[in-house]
Amino acid sequence: MWSAFFWIWIILYLSALNTLNALNKLTLLKENPNIPVIAKYFGTKGRYEEVNPYLIRNILAVNRSSLQPPSPQCREIHLTAIIRHGTRYPTTKNVKKMQKLYKLVQSSARGEDCWLHEILTQWTMWYTEDMDGRLVQKGVEDLKHLAVRLSKLFPTIISEEKLRGGLIKFITSSKHRCVNSTLSFKAGLTEMWAITADMEFQHAVNDALMRFFDKCTKFVRDVDNNPSALSEMDKFTQGPEMVRVQQKIADRLNVSYHLITYDMVEAAFYLCAYEFAIKTVNSPWCRLFDEIDGQVMEYALDLKQFWKRGYGYDINSKSSCILFHDVFSRLDKAVNEHNSGQAVNEAVTVQVGHAETLLPLLTLLGFFKDSETLTSTNYASQRERSFRTSRMLPYAANLVLVLFDCGGRDIRLQPLVNEQPVVFPGLADRQESMPLYEDVKRQYAELLNGCDYETVCELFKPGYKLKHTNV
């Protein structure tokens, strides 16, 4: 009898738990009616808040408990942050695609749906070609808020005293969105500490570091300017998964299938993404997609990044050798100064660049590497992949490396990606996200002793051969 009561209680408990979970989901939907169902699949066009959803409730929230140093006496001695610029307008190329789609919908779409009626009668094409990737106000806020959160996460090193003392260095790409993101990061600090505008903090423009991909001859020739380098993405966009997405969008617009090409689908996806990222609205354009469509689109965009900036070709990651060596030489310098009893001359380095800056470096370091290569034919088996740009590279994405002294010259290095602690590949078996700095250097010894930028980029060699990376 007691056994029967026990199982009845279990069934009632599980039923109540399922009801509670359903109510929680419903509550989140009610609290966030402006979040599209495909928001978490926007790839490099996604909001930072989708990666760290707790920021939706409190944009300045931090979780210091996620940092677990091996000893309570561990203290930060240096921090390097490599940051992607904040939310921006679409580039001229994408604006042209969106304008073409808008004209097609205006001239040919038919239907009674409220969202379509809104596009046809209320929504106007407000994107212009001269916007061309410029930072928007949301992008300004992205970097201001990130500055405040990092200072709360590491208060002893990102401090007013160190900023005023000139111990925080700023480096940026020359692109306006990066320069303005750098200014915004600085403004986040100065406004927080009420530092008057008459006190300026300089930044250096360094495209050799932050736009290394432009200077790498082999990368430009073999990948960037080589149409066949993206053959896997091209095959996927012509495959059955994407054809089905195109047909569904054509059906929703009530237009002929041949009118909805992949470029049209991408333009609609970007319209939804930009409207949400820039204006925080769930645009009627988002209603052209369901969640499955969003997943297919994300995979297509991940294929592009995988083969053009990630693990697809060896030169993609090796093009970042110059930045890799710069980071480790800075870490070495900080360790040497600290161990010799000197004050660390450069306590913090903030470097602002692009998704194209960050992804090759993350790849070179071995983060987000799957056991299988992403291809046009393994979409179904890659549902749980690590290489997902929506989580890796939203606007304001960042890689932060923090040196800690844990006593007795016990120097350790903590990596964080998008403010979340991660484990260096190859050191995961040690069950610690804050390994000894010397162990990290041993892990990357081959790169530290080689990976010469001029050699791998073939700056002085006329011959070349495109090589795949062994994944």
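This one's a predicted model, so the numbers in the text were calculated from it and none came from an experiment. (Residues numbered from 1 in each chain as written. Predicted model: local features only at pLDDT ≥ 70, side-chain atom pairs only at ≥ 80, totals over all residues. Heavy atoms only, no water.)

A. Just the sheet that holds strand E2 (residues 168–172), in detail. Spatially, seven strands are ordered E3-E2-E4-E1-E5-E6-E7 in an open sheet, and the strand pairing comes out mixed. Where the open sheet ends on each side, the last strands, each with one partner, are strand E3 (204–205) and strand E7 (420–421). Inspection of the sheet shows E2 paired to E3 by two bridges, in the parallel sense. Along E3, the bridge assignment pairs Thr-172 with Val-205. Lying over the sheet, helix H8 (residues 176–192) contacts strand E1 (75–84), E2 and strand E4 (348–353), oriented at roughly 160 degrees with respect to E2. On the sheet, helix H18 (residues 355–364) packs against E1, E4, strand E5 (398–405) and strand E6 (411–417) and is oriented at approximately 55 degrees with respect to E5. (Pairing = 2+ DSSP bridges. Helix = DSSP H or I, 4+ residues; strand = E, 2+ residues; numbered from the N terminus. Contact = heavy atoms within 4.5 Å. Axes fitted to C-alpha atoms, helices over the stretch in contact; angles between N-to-C directions.)

B. Quick peek at the state of the cysteines. Per the stated rule, a full pass over the model turns up four disulfides. Sulfur-sulfur distance for the disulfide between Cys-216 and Cys-457 comes to 2.1 Å. On the sign convention where negative is left-handed, the bridge of Cys-216 and Cys-457, at about -105 degrees about the S-S bond, is left-handed. Taken together, the residues span a long stretch of sequence, with Cys-216 in the loop between helix H10 (212–215) and helix H11 (217–224) and Cys-457 in the segment after helix H22 (453–456) at a distance of 241 residues. On the basis of relative accessible area, Cys-457 is assigned to the buried category, the value being 0%. Regarding the disulfides, the protein chain carries the connectivity 1-6, 2-8, 3-4, 5-7 under sequence-order numbering of its bonded cysteines. (Disulfide = S-S within 2.5 Å. Buried < 20%, exposed > 50% of the residue type's maximum accessible area, 1.4 Å probe, protein only.)

C. Main features of helix H15 (residues 291–308). The first and last C-alpha atoms of H15 sit 26 Å apart over 18 residues, in line with the 26 Å expected at 1.5 Å per residue. Extensive coverage of H15 is indicated by the burial of 14 of its 18 residues. Its side-chain oxygen 3.1 Å from the backbone nitrogen of Ile-292, Asp-290 forms the N-cap of H15. (Expected span 1.5 Å × (residues − 1). Polar contact = N/O pair within 3.5 Å; in protein donor to acceptor, adjacent residues only side chain to side chain.)

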